[in-house]
Amino acid sequence: ASGSDENDVVVIGGGPGGYVAAIKAAQLGLKTTCIEKRGTLGGTCLNVGCIPSKALLHSSHMYHEAKHAFANHGVKFSSVEVALPAMMGQKDKAVSNLTQGIDGLFQKNKVTYVKGYGKLVSPSEISVDTTEGENTVVKGKHIIIATGSDVKSLPGVTIDEKKIVSSTGALALSEIPKKLVVIGAGYIGLEMGSVWGRIGSEVTVVEFASEIVPTMDADIRKQFQRSLEKQGMKFKLKTKVVGVDTSGDGVKLTVEPSAGGEQTIIEADVVLVSAGRTPFTSGLNLDKIGVETDKLGRILVNERFSTNVSGVYAIGDVIPGPMLAHKAEEDGVACVEYLTGKVGHVDYDKVPGVVYTNPEVASVGKTEEQVKETGVEYRVGKFPFLANSRAKAIDNAEGLVKIIAEKETDKILGVHIMAPNAGELIHEAAIALQYDASSEDIARVCHAHPTMSEAVKEAAMATYDKPHSHLKSWLLLSSLVFIFVQEFTMTWR
Ligand SMILES: Cc1cc2nc3c(=O)[nH]c(=O)nc-3n(C[C@H](O)[C@H](O)[C@H](O)COP(=O)(O)OP(=O)(O)OC[C@H]3O[C@@H](n4cnc5c(N)ncnc54)[C@H](O)[C@@H]3O)c2cc1C
Ligand SMILES: NC(=O)c1ccc[n+]([C@@H]2O[C@H](COP(=O)([O-])OP(=O)(O)OC[C@H]3O[C@@H](n4cnc5c(N)ncnc54)[C@H](O)[C@@H]3O)[C@@H](O)[C@H]2O)c1
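Just so we're clear, the structure is a prediction, and the values are computed from it rather than from any experiment. (Residues numbered from 1 in each chain as written. Chains lettered and ligands numbered in written order. Predicted model: local features only at pLDDT ≥ 70, side-chain atom pairs only at ≥ 80, totals over all residues. Heavy atoms only, no water.)

The next point concerns the overall build of the protein chain. Along its length, the protein chain carries 15 helices and 21 strands. For the protein chain, the C-alpha radius of gyration of 24 Å lies close to 23 Å, the compact-globule estimate for 493 residues. Reported as C-alpha extents along the three principal axes, the dimensions of the protein chain are approximately 70 × 60 × 50 Å. Within the span of the protein chain, comprising 493 residues, buried residues form 50% of the whole. For the protein chain, long-range pairs separated by at least 24 residues make up 62% of all intrachain contacts whose partners lie at least 6 apart in sequence. For the protein chain, the centre of its 52 positive side-chain charges and the centre of its 59 negative side-chain charges are spaced 2 Å apart. (Helix = DSSP H or I, 4+ residues; strand = E, 2+ residues; numbered from the N terminus. Rg over C-alpha atoms; globule rule 2.2 N^0.38 Å. Buried < 20%, exposed > 50% of the residue type's maximum accessible area, 1.4 Å probe, protein only. Contact = heavy atoms within 4.5 Å. Lys, Arg positive; Asp, Glu negative; His and termini not counted. Charge placed at Lys NZ, Arg CZ, Asp CG, Glu CD.)

Now the structure itself:
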């Protein structure tokens, strides 16, 4: 089909929101076109986000383990080195494999793929400047805007992707910077800071707020910060960047306390700007069509993903809600279900979030601070991995599971996990929340032994009753001694 035939659905943007919506629409029998300007499908997530960052996190973790942990397991090397081009090569291979996979899915599901920049010219017509330098008009009964987000710039800090980089530049540095300064202790700052820190950079994270990842449960956050500090990451909290000088060899950053005060200079070879992302709607002509946005530039939609303009929908990072790939995908499916008269469903309160550092931090539902604000009476159950047999067996027992449940009904309100594989462990909690399960429900499920998942069961038992670990109090005691010794003697470097 050519772009000028009328489609049932036209999707602008081929990221996790857009490509999933397009495939779903085609699977439901709708004639569908997806317009993408990048030249490859997969959006931010596959090209310059989730996938390349996880590839580098894994490679850098392997190096770090080989250097610092293998010897404890009796595996010895004469020397361990980083071959940065090979590390980047494996990342690039993973990315191109996956983006080409989406091309294949489009063909299989008969989604028409138009490569180019789309602009709305009416609520049912999109003018596309194609990557081949032509212009075509694509028509559709329903238009889904899935144009994603872009790095949020900071006043006076110009990103050149060399000395001052966004996450995109930080995923493709050609040398390991001696000193990396990260602006913003959020998801990107901590993940990319970990990558470069593990393979040799001295990493300093400058954060405006008084804590790292301000959205994280405070108990977990404190332990997480200690863990990152042990790995060598330095934090300058309650600090803002007020000036940047790139005239010399490196970069000189002028910082001052967030509340104002004496200025100091921090030197860096590379600065990563990771102070949030902003919806990307540039060139779409939203004003001309009359699509409403909020003051952060996010497209406003109702619970069916419909904008104020009939026939125009929006999903993913470009609308309010967590800026996460899996949330964008859920939006895409639900939006198409609604526009075909089916019932769609996304519950933004139950979207899991994972920081893929080591240890990982994963959470779903409310933090204890958020539960407190609701005024609901609650109970908390915690279980440390130091008392989990699998974690001890593999000599990786940092972290804990924390469950928050309503006192009266025992219904689970939030689960927070810090563990090497927390991003995998969180999903039994996500299912529990989705189906309004209680902590007793989790506690009564038989969990295989020895697994890290048993810590989730034990935390659930601690929430509604007692963990079995009261039988293992000697283990907990030895764990406390271990934490004490570790806190005061061990560093990863
Ligand atoms: C470094 C990094 C790491 C991340 N890691 C994770 C992670 O581990 N897990 C996670 O859940 N999320 C992660 N994210 C967030 C995730 O990438 C986004 O939430 C997700 O990509 C949003 O999907 P989307 O489809 O809404 O938008 P995007 O993925 O941004 O896709 C939008 C697409 O639209 C295209 N486009 C924009 N305007 C037009 C136009 N006018 N015409 C044609 N095409 C257009 C863009 O080129 C882009 O390809 C990460 C982000 C970054 C930056
Ligand atoms: N693992 C994942 O799921 C993952 C990974 C990377 C990115 N993402 C998504 O991408 C989005 C953007 O990531 P991000 O890390 O850029 O944003 P973020 O919102 O996660 O963190 C930004 C941090 O920067 C701080 N900040 C803001 N302005 C500042 C300033 N002027 N000086 C110093 N600090 C400042 C904020 O207080 C916050 O802690 C996230 O919201 C997340 O949803 C997800």
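Now for the state of the cysteines. Within this structure, the stated rule accounts for one disulfide. A sulfur-sulfur separation of 2.3 Å characterises the disulfide bridge that pairs C45 with C50. One disulfide, between C45 and C50, carries an S-S torsion of -130° and so falls in the left-handed class. With no disulfide of its own, C34 lies 13 Å from the sulfur of C335, the closest cysteine sulfur. (Disulfide = S-S within 2.5 Å.)

Attention now moves to the sheet that holds strand β10 (residues 234-236). For sheets, the rule is that strands pair by backbone hydrogen bonds, running either parallel or antiparallel. Sheet architecture is open: five strands sit in the order β7-β14-β8-β9-β10, paired in parallel fashion. Each having just a single partner strand, β7 (164-165) and β10 make up the two edges of the open sheet. Bridge count for strand β9 (residues 202-206) against β10 is three bridges, and the pairing is parallel. Counterpart to V205 in the pairing with β10 is F235. (Pairing = 2+ DSSP bridges.)

Our next topic: the nonpolar core. Of all hydrophobic cores here, the largest spans 47 residues; its most connected members are F106, L120, I126, I144, I145 and I299. With seven residues, the single largest contributor to this core is helix α1 (residues 16-27). With residues up to four places along the chain from it excluded, the contact list for L120 reads I12, E125, I126, I143, I145, L284, N285, L286 and I289. Counting residues in each nonpolar core, the second largest holds 34 residues, with M87, I212, I220 and V355 among its members. (Core = buried A, V, L, I, M, F, W, Y, C linked by side-chain atoms within 4.5 Å.)

Mapped onto the elements of the fold, I431 is located in helix α12 (residues 422-434). Looking at I431, the relative accessible area reads 52%, which means it is exposed. Along the chain, I431 and K350 lie 81 residues apart, while their C-alpha atoms are 9.1 Å from each other.

The next thing to look at is the site of ligand 2. Around ligand 2 lies a shell of 22 residues, among which I188, E191, E207, M323 and V354 are the nearest. The backbone of Y187 places a nitrogen or oxygen atom 3.2 Å from an oxygen atom of ligand 2. One of the backbone nitrogen or oxygen atoms of V354 is found 2.7 Å away from a nitrogen atom of ligand 2. The fraction of the free accessible surface of ligand 2 (830 Å²) that becomes covered by protein chains is 77%. It is helix α6 (residues 187-198) that provides the largest number of residues to the shell around ligand 2, a total of four residues. In terms of residue class, the shell around ligand 2 is built from 13 nonpolar, five polar and four charged. (Near = heavy atom within 4 Å. Polar contact = N/O pair within 3.5 Å; in protein donor to acceptor, adjacent residues only side chain to side chain. Areas by Shrake-Rupley, 256 points an atom, 1.4 Å probe, with all protein chains shown as cover. Nonpolar A, V, L, I, M, F, W, Y, C, P; charged D, E, K, R; others polar.)

In this section: the packing of α1 against helix α9 (residues 325-339). It is at 7 Å that the axes of α1 and α9 come closest, and there the two elements cross at 30°. In terms of their interaxial angle, α1 and α9 are classed as roughly parallel. Two packed elements cross with a definite hand, and for α1 against α9 that hand is right-handed. Contacts between α1 and α9 involve P16, G17, Y19, V20, A21, K24 and A25 from the first element and A325, A328, E329, G332, V333, V336 and E337 from the second. Residue composition of the contact of α1 with α9, grouped by class: nine nonpolar, two polar and three charged. (Axes fitted to C-alpha atoms, helices over the stretch in contact; angles between N-to-C directions. Parallel < 35°, antiparallel > 145°, perpendicular 65-115°, else oblique. Left-handed = near helix turned anticlockwise from the far one by under 90°.)

All right, on to the packing of helix α3 (residues 50-68) against α6 then. Direction vectors running N to C along α3 and α6 enclose 35°, while the axes themselves pass 9 Å from each other. α6 is crossed by α3, and the crossing has left-handed handedness. On α6, the residues touching S53, K54, L56, L57, S60, H61, Y63 and H64 of α3 are E191, M192, S194, V195 and R198. Grouping the constituent residues of the contact of α3 with α6 by class yields five nonpolar, five polar and three charged.

Our next topic: the site of ligand 1. Taken together, 39 residues are adjacent to ligand 1, and G17, E36, T44, K54 and A325 come closest. Contact between ligand 1 and E36: an oxygen atom at 2.7 Å from a side-chain N or O atom of the residue. Here a nitrogen atom of ligand 1 sits 2.9 Å away from a polar atom, N or O, in the main chain of G118. If ligand 1 stood free it would expose 1000 Å²; the protein chains cover 95% of that surface. Broken down by secondary-structure element, the contributors of at least two residues to the shell around ligand 1 are α1, β2 (32-36), α2 (43-48), α3, β3 (112-122) and α9. At four residues, α2 tops the list of elements feeding residues into the shell around ligand 1. Class assignment for the residues of the shell around ligand 1 results in 16 nonpolar, 17 polar and six charged.

All told, the structure shown has one cavity of 30 Å³ or more when counted by the stated rule. Quantified by volume, the largest cavity comes out at close to 100 Å³. Around the largest cavity, the lining is made up of 12 residues, and of these S194, G197, R198, Q231 and M233 lie nearest the centre. In terms of residue count, α6 provides more of the lining of the largest cavity than any other element does, four residues in total. For the lining of the largest cavity, the residue count by class is three nonpolar, seven polar and two charged. (1 Å grid on protein atoms, 1.4 Å probe; cavity = no way out; pocket = protein on both sides within 12 Å on 5 of 7 lines; lining within 4 Å. Points joined across faces, edges and corners; volume = space filled by probe spheres on them.)

What follows deals with the sheet that holds strand β11 (residues 239-245). Taken together, three strands build an open sheet; the order of strands is β11-β12-β13 and the sheet is antiparallel. Where the open sheet ends on each side, the last strands, each with one partner, are β11 and β13 (264-268). Mean inter-strand twist for the sheet, computed between neighbouring axes without regard to direction, equals 35°. In terms of strand pairing, β11 meets strand β12 (residues 251-257) through six bridges, oriented antiparallel.

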